[in-house]
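The lines below spell out each chain.
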Amino acid sequence: MGAAACMHLARQSAARGARVLGIEQFRCGHARGSSHGHSRVIRQAYFEHPDYVPLLRRSYELFRALERDSGESLLVPCGALFGGRADSEVVRGSELAARSYDIPHEMLDASRLRRRFPQFALPDDHVALWEPGAGFVRPEATTRAHIRLAVAAGARILEDACVIAWHSTDSGFRVETSRGAFSCARLVVTAGAWTSSLVRSVAAHLRVTRQPVAWFECEDVDRAAHSSPQLPIWLVDQHDGTSVYGIPPHPTLDGPSGMKVALHGKGTVSNPTTVERGPIAEEIALIRDAVTRVLPRAARSVSGSSTCMYTNSPDGHFIIDVDATTGAIVACGFSGHGFKFAPVVGEAIADLAIAGATSLPIGFLASSRLGLTGPSASLA
């Protein structure tokens, strides 16, 4: 989100003679937060809430524009299945969003699903929504592209600079970092799992959890059937507050070989500074068990693993608003389903910073819904 905001801010600020500084506590493209892992699902039949769909459509447009400007392949539509019982949040929510916004889709019962994709072994009481326009985006490449274009538009990126403290002043803000102090007229905070330590007003409303991810190889004889295009991206509700999802191998993906699989939902509450970075054997076993129930022949051996962090608000929705006390723009609570929105969130942040308002429909993401006060009248 910060890299995207830097690019949009630099492009909008150039004509005004304003300067943009992006501050990163590590190196750009690091794997210590929530924006790594080589792939992220992108979709429009959005079971979390239909109000996200207009933002997703704009995000698709901005991803394509970013591809043209950067020369990188960043968004790959390869289709996705979203399954569970017919009354599950995943299925009901996906179908509601698809019908509300005329998103191309098809509903498949268990027998039709098994005929079309015989790799799956879902119970007879399960159904799935097929969204052909869904796919994945490449997070590291997307972040690099945003940063490269931000710098080309005049932004400065300061790496290995930890923010120690910041405060508002009569003319704007003062930011103290491990590499010096800076003053600015507008301040944007997109600190992910570290937001609670930087923005007091949201600290009690964010929960950071540790989320292990694994890559699995299947037997050679099954490899084609468990790779794209024969197997799409998939997510299946487990009816316990979690779901399991997978992103099959694709020619455009780098990183570990095999299928990327993870559990979406419950995770261990963690501190971003002291979190255990490497998945442990018990976690890998849980992931393997979950994927085997969905795709019995997919997980013969582990080819890689990683750990990221979710940073969630109490209702699981993003927070994009102007902090009522300081006037800083705060964007947080994206984890679990946020990366696909990075280009449009960056655009919204730039609008708020430069014009004080945005025409993008982000009003439902205002902090006031959580009992926090913020000038949400500036949000569309």
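Model, not experiment: these values are computed from the prediction.

1. Description of the overall build of the protein chain
- Scanning the protein chain for helices and strands turns up seven helices and 20 strands.
- Since a compact globule built from 380 residues should have a radius of gyration of about 21 Å, the 21 Å found for the protein chain is in line with a globular shape.
- By principal-axis analysis of the C-alpha atoms, the protein chain measures approximately 65 × 40 × 40 Å.
- Per-residue burial for the protein chain yields a buried fraction of 54% across its 380 residues.
- When contacts within the protein chain are restricted to residue pairs at least 6 apart in sequence, those whose partners lie at least 24 apart make up 71%.
- In the form shown here, the protein chain has an accessible surface area of approximately 16,000 Å², with 51% of it arising from carbon and sulfur atoms.

2. Quick word on the packing of aromatic side chains
- One pass over the structure, following the stated rule, counts twelve aromatic pairs.
- A ring pair is formed by Tyr46 and Phe341, whose centres lie 5.5 Å apart and whose planes are at 85 degrees; its orientation type is edge-to-face. Here Tyr46, found in the loop between strand 2 (40–42) and helix 2 (53–70), pairs with Phe341, found in the loop between strand 20 (329–332) and helix 7 (342–355); they are 295 residues apart in sequence, far enough to count as distant.
- Linked through ring pairs, Tyr46, Tyr52, Phe318, Phe334, Phe341 and Phe364 together constitute an aromatic cluster.
- Its guanidinium or amino end placed over the ring of Phe26, Arg32 lies 4.1 Å from that ring's centre, counting from NZ or CZ.

3. Some thoughts on the pattern of salt bridges
- Under the counting rule described, the total for this entry stands at 20 salt bridges.
- The partner of Arg11 in a salt bridge is Asp69, and the shortest N-O contact between them spans 3.1 Å. In this pair, Arg11 is assigned in helix 1 (residues 2–14) and Asp69 in helix 2, connecting sequence segments 58 residues apart.
- Judged by its relative accessible area of 41%, Arg11 falls in the partly exposed class.
- Via salt bridges that share partners, Arg27, Glu159 and Asp160 belong to a single interconnected network.

4. Overview of the sheet that holds strand 10 (residues 172–177)
- Pairing in this open sheet of three strands is antiparallel, and the strands run 9-10-11 from one edge to the other. Looking at which strands have only one partner, the edges of the open sheet turn out to be strand 9 (163–169) and strand 11 (180–184). Across the sheet, the mean angle separating the axes of adjacent strands is 15 degrees when strand polarity is ignored.
- In this structure, strand 9 lies alongside strand 10, joined through six bridges in antiparallel fashion. Looking at strand 10, one finds that His167 is bridged to Arg174.

5. With respect to the pairing of strand 4 (residues 80–85)
- Most of strand 4 sits out of view: five of its six residues are buried.
- When strand 4 meets strand 6 (residues 126–131), the two strands line up antiparallel, connected through six bridges. By the bridge assignment for strand 6, Gly84 is matched with Val127.

6. What to know about unusual backbone geometry
- Across the junction of Ser228 and Pro229, the peptide omega takes the value 15 degrees, indicating a cis bond.
- Locating Pro229 in the fold gives a position in the loop between strand 13 (207–217) and strand 14 (233–237).
- Positive phi, close to 55 degrees, is recorded for Asp102, a residue that is not glycine.
- Asp102 sits in the exposed class, given a relative accessible area of 68%.

7. Digging into the side chain of Gln211
- Looking at the element boundaries, Gln211 is found in strand 13.
- Accessibility expressed as a relative area gives 3% for Gln211, which makes it buried.
- Within the structure, Gln211 has its side chain in polar contact with the side chain of Thr209 (distance 2.7 Å).
- Those residues in contact with Gln211 that lie beyond four places of it in its chain are Leu263, Gly265, Lys266, Gly267, Ser306, Thr307, Cys308 and Tyr310.

8. A word on the packing of helix 1 against helix 5 (residues 139–152)
- With their axes 8 Å apart at the nearest point, helix 1 and helix 5 run at an angle of 25 degrees to one another. Classified by the angle between their axes, helix 1 and helix 5 sit roughly parallel to one another. Read as a crossing pair, helix 1 and helix 5 show a hand that is left-handed. Judged by residue contacts, Ala3, Ala4, Cys6, Met7, Ala10 and Arg11 of helix 1 engage Thr143, His146, Ile147, Leu149 and Ala150 from helix 5.

Criteria and cut-off values
- Residues numbered from 1 in each chain as written.
- Predicted model: local features only at pLDDT ≥ 70, side-chain atom pairs only at ≥ 80, totals over all residues.
- Heavy atoms only, no water.
- Helix = DSSP H or I, 4+ residues; strand = E, 2+ residues; numbered from the N terminus.
- Rg over C-alpha atoms; globule rule 2.2 N^0.38 Å.
- Buried < 20%, exposed > 50% of the residue type's maximum accessible area, 1.4 Å probe, protein only.
- Contact = heavy atoms within 4.5 Å.
- Areas by Shrake-Rupley, 256 points an atom, 1.4 Å probe, with all protein chains shown as cover.
- Phe/Tyr/Trp six-rings, centres within 6.5 Å; stacked < 30°, edge-to-face > 60°.
- Lys NZ or Arg CZ within 6 Å of the ring centre and 35° of its normal.
- Salt bridge = Lys/Arg side-chain N within 4 Å of Asp/Glu carboxyl O.
- Pairing = 2+ DSSP bridges.
- Axes fitted to C-alpha atoms, helices over the stretch in contact; angles between N-to-C directions.
- Polar contact = N/O pair within 3.5 Å; in protein donor to acceptor, adjacent residues only side chain to side chain.
- Parallel < 35°, antiparallel > 145°, perpendicular 65-115°, else oblique.
- Left-handed = near helix turned anticlockwise from the far one by under 90°.

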